[in-house]
Amino acid sequence: MLPEKKQILVVDDEANLRRVLSAQLGRDGYEVHTAEDGEEGLAFLKEHHIDLVITDLRMPKVDGMDLLRAALRDDPSRPVVLLTAHGTVDNAVEALKTGAFDYITKPFDQNEVRVVVKKALRTRDLASADATRDVTAAPPRGGSDRFGIIGESPPIQELYAILERVADTPTTVLISGESGTGKELVARALHENSSRRDRPFIKVNCAAIPKDLMESELFGYERGAFTGAVASKPGRFELASGGTLFLDEIGEIPTEMQVKLLRVLQESEFERVGGIKTIHVDVRLVAATNRDLKREIAAGTFREDLFYRLNVVPIALPALRDRRSDIPHLCAHFVAKFNARLKKNIEGIDPEALERLSSHAWPGNIRELENVVERALLFADGARIRLDDLPEEIRSGAPSAAVTALPLAAAAADTSFAPSTPDGLKEQVKAAMSRLERDLIERALKQTHGNVTHAARLLKISRKGLQLKMKELNLRERDPE
């Protein structure tokens, strides 16, 4: 589907503040919804797709902390930003340790709001899928579920052995692997199986933080350190003290910041931006990357001394195509998960469909598999997921799920097609995307008996966006059955 406006929910009992934030965020290109208290906010979240929640901390009926916990239970990857007065900053810091993305102190300036919102939404876009946090579903009979990780293939057995030795130590760990292999899941397993399990687990996606904000994000800042710093604010190292700090996409850290990070790893101390007081912390660091850091060292973009400081215990996660025997266990896990979430009652997956799932290349790894199972379960009409419920590229046994492979595969089968220019290939890609979009929309409308509002919710876009796309594809809106 084409990109839609990000959906933001603002929850605050002050009507004027709701109006101000709605106007600003609306000008910035977001679709904004409001609720006057936490109870109304919770009800709205249950009925609508929301990408970001901005909520006051103190409200009648349901306060910001309760709303935070409920929002994270519903969708752990959805960021929640707290609004707080100066007198409740300590509560906001506690909220960060509970799982809030960030907090903004009142009164705030528009630029601060703009930066935090942009960073939060970018983090959501880059974040691992829900499966990297939701590991509570029971595995299928005969499967394995140790450390919250599902699988029993030889590479996963080796991972279990490493975790048993390393989890309850302060040793720094560097997790590598392709995107979607479950790096955050392993980082959480290290934390939750250590003596630090009752202390904070703080995640930082380094790819989501602008370079000029990296230092203040990691180390915090003092009041007046820069324009907009109206109050002192702790960084992620401080928030993680006593617990675990997970630096995801560590290869994205700018070279000038790598020296400062190296010092913290060596000395366990730092100063806030604009501050002179040395702060000591006790942090277990876990880092992750999908890059080849040795190649980055050779290119001069990553410090060799920092690499060896991080690479005390390396954990290389296997791609899904290298652990195909785990795919049936993962599929069973996802079916149970989405049955509960989508209120479905799918019994399982037909053998023919499971064979196709097991033979697929999975360039997106577990994240891609999860998305495919969710989509198939959503559109399945029978008691089990059948081959016809799977995406076309998996049904046909296409070697890759990449959209660009679709027109190229068609070209291989049709000798009359030979795009000799980039524009010709672009038109073929566009046509393939239109076919995929049409198929998704038709399935959603069938599943919801023609109800456009419910179909838009299934597709996680706005009703207006779905209507525009239907008009573009010449799909007529029909009365619900």
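Here's a quick rundown of the structure. (Residues numbered from 1 in each chain as written. Predicted model: local features only at pLDDT ≥ 70, side-chain atom pairs only at ≥ 80, totals over all residues. Heavy atoms only, no water.)

What follows concerns the pairing of strand E16 (residues 313–316). Of the two faces of E16, the one lined by Val313 and Ile315 is fully buried and the one lined by Pro314 and Ala316 carries no buried residue. Bridge count for strand E8 (residues 173–176) against E16 is 4 bridges, and the pairing is parallel. Note on E16: the bridge partner recorded for isoleucine 175 is isoleucine 315. (Buried < 20%, exposed > 50% of the residue type's maximum accessible area, 1.4 Å probe, protein only. Helix = DSSP H or I, 4+ residues; strand = E, 2+ residues; numbered from the N terminus. Pairing = 2+ DSSP bridges.)

What follows is about the nonpolar core. Leu247 and Ile250 are the most contacted members of the largest nonpolar core, which has 53 residues in total. For leucine 247, the contacting residues outside a window of four places in its chain are Val204, Cys206, Leu218, Leu261, Leu285, Val286, Ala287 and Ala288. Counting 24 residues, the second-largest nonpolar core is a separate cluster that includes Ile150, Leu330, Phe334 and Ile366. (Core = buried A, V, L, I, M, F, W, Y, C linked by side-chain atoms within 4.5 Å. Contact = heavy atoms within 4.5 Å.)

The subject of this paragraph is the sheet that holds strand E9 (residues 201–205). Strands sit in the order E9-E12-E15-E8-E16 across an open sheet of 5 strands; the sheet is parallel. Every interior strand has two partners, whereas the edge strands, E9 and E16, have only one. On average, each strand axis in the sheet is inclined to that of its neighbour by 15 degrees, with strand direction left out of account. Alignment of strand E12 (residues 244–248) against strand E15 (residues 284–289), held across 4 bridges, turns out to be parallel. When the sheet's bridge partners are listed, threonine 244 is paired in E15 with arginine 284. (Axes fitted to C-alpha atoms, helices over the stretch in contact; angles between N-to-C directions.)

On to unusual backbone geometry. The phi torsion at glutamate 249 lies on the positive side, around 55 degrees, for a residue other than glycine. Along the polypeptide, glutamate 249 turns up in the loop between E12 and helix H10 (255–267). Given the relative accessible area of 16%, glutamate 249 is considered buried. Here asparagine 365, not a glycine, exhibits a phi torsion of approximately 60 degrees, which is positive. As for its position among the elements, asparagine 365 is in helix H15 (residues 365–379).

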